[in-house]
Amino acid sequence: MKNIVITGGAGFIGSHVVRLFVNKYPQYNIINLDKLTYAGNLANLKDIEDKPNYKFVKMDICDFDAFYQLMQDEQIDGIIHLAAESHVDRSIKDPFTFARTNVMGTLSLLQAAKLYWESLPEKYEGKRFYHISTDEVYGALEMTNPEGIKPPFTTKASSGEHHLAYGKDFFYETTKYNPHSPYSASKASSDHFVRAFHDTYGMPTIVTNCSNNYGPYQFPEKLIPLFINNIRHRKPLPVYGKGENVRDWLYVVDHARAIDTIFHNGTIAETYNIGGFNEWKNIDIIKTVIATVDRLLGRPEGADLDLITYVTDRLGHDARYAIDSTKLQKELGWEPSLQFEEGIEKTVKWYLDNEEWLDNVTSGDYQSYYENMYKGR
Ligand code: NAD
Ligand code: TYD
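Summary of the structure given here. No experiment lies behind these values; they were computed from the predicted model shown. (Residues numbered from 1 in each chain as written. Chains lettered and ligands numbered in written order. Predicted model: local features only at pLDDT ≥ 70, side-chain atom pairs only at ≥ 80, totals over all residues. Heavy atoms only, no water.)

1. Here's the deal with the layout of surface pockets
Part 1 of the reasoning: As a volume, the second largest pocket reaches approximately 260 Å³.
Part 2 of the reasoning: Taken together, 14 residues form the lining of the second largest pocket, with A43, K46, E356, W357 and N360 sitting closest to its centre.
Part 3 of the reasoning: Of all elements in the fold, only α11 (355-363) and α12 (369-374) reach the threshold of two or more residues within the lining of the second largest pocket.
Part 4 of the reasoning: No other element matches the three residues that α11 contributes to the lining of the second largest pocket.
Part 5 of the reasoning: Looking at the lining of the second largest pocket residue by residue, the classes come out as six nonpolar, five polar and three charged. (1 Å grid on protein atoms, 1.4 Å probe; cavity = no way out; pocket = protein on both sides within 12 Å on 5 of 7 lines; lining within 4 Å. Points joined across faces, edges and corners; volume = space filled by probe spheres on them. Helix = DSSP H or I, 4+ residues; strand = E, 2+ residues; numbered from the N terminus. Nonpolar A, V, L, I, M, F, W, Y, C, P; charged D, E, K, R; others polar.)

2. Digging into the site of ligand 2
Part 1 of the reasoning: Around ligand 2 lies a shell of 17 residues, among which E136, P238, R247, R314 and H317 are the nearest.
Part 2 of the reasoning: Contacts to ligand 2 include H317, whose side-chain N or O atom sits 2.7 Å from an oxygen atom.
Part 3 of the reasoning: Taking 510 Å² as the accessible area of ligand 2 by itself, protein coverage stands at 96%.
Part 4 of the reasoning: When contributions to the shell around ligand 2 are tallied by element, the ones reaching two or more residues are α6 (223-232) and β8 (237-240).
Part 5 of the reasoning: For the shell around ligand 2, the residue count by class is seven nonpolar, five polar and five charged. (Near = heavy atom within 4 Å. Polar contact = N/O pair within 3.5 Å; in protein donor to acceptor, adjacent residues only side chain to side chain. Areas by Shrake-Rupley, 256 points an atom, 1.4 Å probe, with all protein chains shown as cover.)

3. Topic: the pattern of salt bridges
Part 1 of the reasoning: Counted according to the given criterion, the structure contains 20 salt bridges.
Part 2 of the reasoning: Between D60 and R100 there is a salt bridge; the shortest N-O distance is 2.9 Å. Highlighted residues: D60 in the loop between β3 (54-58) and α2 (64-74) and R100 in helix α4 (residues 95-118), separated in sequence by 40 residues.
Part 3 of the reasoning: Given the relative accessible area of 16%, D60 is considered buried.
Part 4 of the reasoning: For R100, a relative accessible area of 37% corresponds to the partly exposed category.
Part 5 of the reasoning: The residue K327 makes a salt bridge to E270 at a minimum N-O spacing of 2.5 Å. One end of the pair, K327, is in helix α9 (residues 326-332); the other, E270, is in the loop between α7 (252-265) and β10 (271-274), with 57 residues separating them in the sequence.
Part 6 of the reasoning: Residue K327 is classed as buried on the basis of its relative accessible area, which comes to 17%.
Part 7 of the reasoning: The network of salt bridges with shared partners includes R234, R299, D304 and D306. (Salt bridge = Lys/Arg side-chain N within 4 Å of Asp/Glu carboxyl O. Buried < 20%, exposed > 50% of the residue type's maximum accessible area, 1.4 Å probe, protein only.)

4. Observations concerning the side chain of T271
Part 1 of the reasoning: Its location among the elements puts T271 in strand β10.
Part 2 of the reasoning: Taking relative accessible area as the criterion, T271 reaches 11% and is therefore assigned buried.
Part 3 of the reasoning: Within polar-contact distance, the side chain of T271 engages the side chain of R195 at 3.0 Å.
Part 4 of the reasoning: Filtering out sequence-adjacent residues up to four positions away, T271 remains in contact with Y138, E173, R195, V207, N209 and K327. (Contact = heavy atoms within 4.5 Å.)

5. Let's talk about the side chain of T347
Part 1 of the reasoning: Counting through the fold element by element, T347 comes out in helix α10 (residues 340-353).
Part 2 of the reasoning: Classification of T347 as buried rests on a relative accessible area of 1%.
Part 3 of the reasoning: Here G343 takes part through its backbone oxygen, which lies 2.6 Å from a polar atom of the side chain of T347.
Part 4 of the reasoning: If we ignore the near neighbours within four places in the chain, the residues touching T347 are Y214, G215, I224, I228 and Y251.

6. Digging into unusual backbone geometry
Part 1 of the reasoning: Positive phi values are uncommon outside glycine, yet Y217 reaches one of about 70 degrees.
Part 2 of the reasoning: By the element assignment, Y217 lies in the loop between β7 (212-214) and α6.
Part 3 of the reasoning: A residue is classified by how much of its surface remains accessible, and Y217, at 15% relative accessible area, is buried.
Part 4 of the reasoning: Here the phi dihedral of A269 falls at roughly 75 degrees; this positive angle occurs in a residue that is not glycine.
Part 5 of the reasoning: In this structure, A269 sits in the loop between α7 and β10.

Next up, the structure:
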């Protein structure tokens, strides 16, 4: 493979994937295709925007004609598809946008890739369509052990120490899809389309389902960056319900590393779950984030605990997510590089060191970055 499109590369996870590929593979041409919605921010890629193997194309994944033309012009061999509407709360308010981008947009990419690749003499040989999905498509797991087993949990599946921290079961690659939110329903639908293109036309596809990501460049509408920013400004921290919901957290760079491993060494038509065996109750994360921000800002211990504000629960709020990533760890040798405590420390430090990024994103100023960047070129 040589010419690779990464969709959604100006977003949170996509920017880490683009950075990794551009730096690690100078022999590839990396095209970052992004519509630059509110979640897309080219400032996330400032450090690599002038590299010779990187190009940005502003495009909507629903624009079939434009994407088909791009496939031909750039002779695309590989697609790593991350572009999506990604926030559950927005999907509850506006499900149509999620169906349009996540379902129709993915279908549009698949159909354009099919037409182009089938027109080549080698057809699908050496080609790959890699679709990035979420563990939320599996629905919610039961909380059979609400007290949990105390961290630190192991991050090495190979050690055989799986911590069923808050329940008896995990999401496996074989777990039946059972999405609850409009977001997860739209992602589930797109996953089905990707697999259907393999089963029907023989397209070389791969799907991965990853747990919650955290780290630098995440839009501050998601729990961790929102709360870091609010603590900074001493604004209330809206905890949904009792704060007892459990999520399984992975440092975003480890997700990008997994995507690299799977894109190159994964088996066609397979599904891989990605996660670090790292379950946390929301309220425990929130207290950890408060303690870390306060320490780094030199505020007295516990100074900001009073910002915790319990609010009405999210509609259809999934109780617990927990990913079993043994297959990826055993078959492809990937494992997370960081323990959660280290990852949170790095993350909080990054947001506090990059206040300008946070302020631009929260004020909306980042949306002029693209226009300014291309002015006069
Ligand atoms: P994000 O919201 O930060 O970024 C999404 C990107 O897609 C933005 O740059 C946006 O401009 C772009 N985009 C949106 N609609 C588009 C369209 N119609 N055409 C072209 N570009 C468009 O999302 P993220 O958190 O980085 O998630 C990336 C992918 O990973 C998504 O597919 C998401 O479902 C999946 N995922 C996310 C998580 C997580 O914890 N954030 C976990 C597992 C899987
Ligand atoms: P979020 O970051 O939106 O990710 P997801 O819904 O995809 O898991 O939320 C993580 C958890 O934090 C989820 O259980 C909802 C909860 N949450 C709050 O309690 N308050 C908030 O303001 C937000 C954004 C999330």
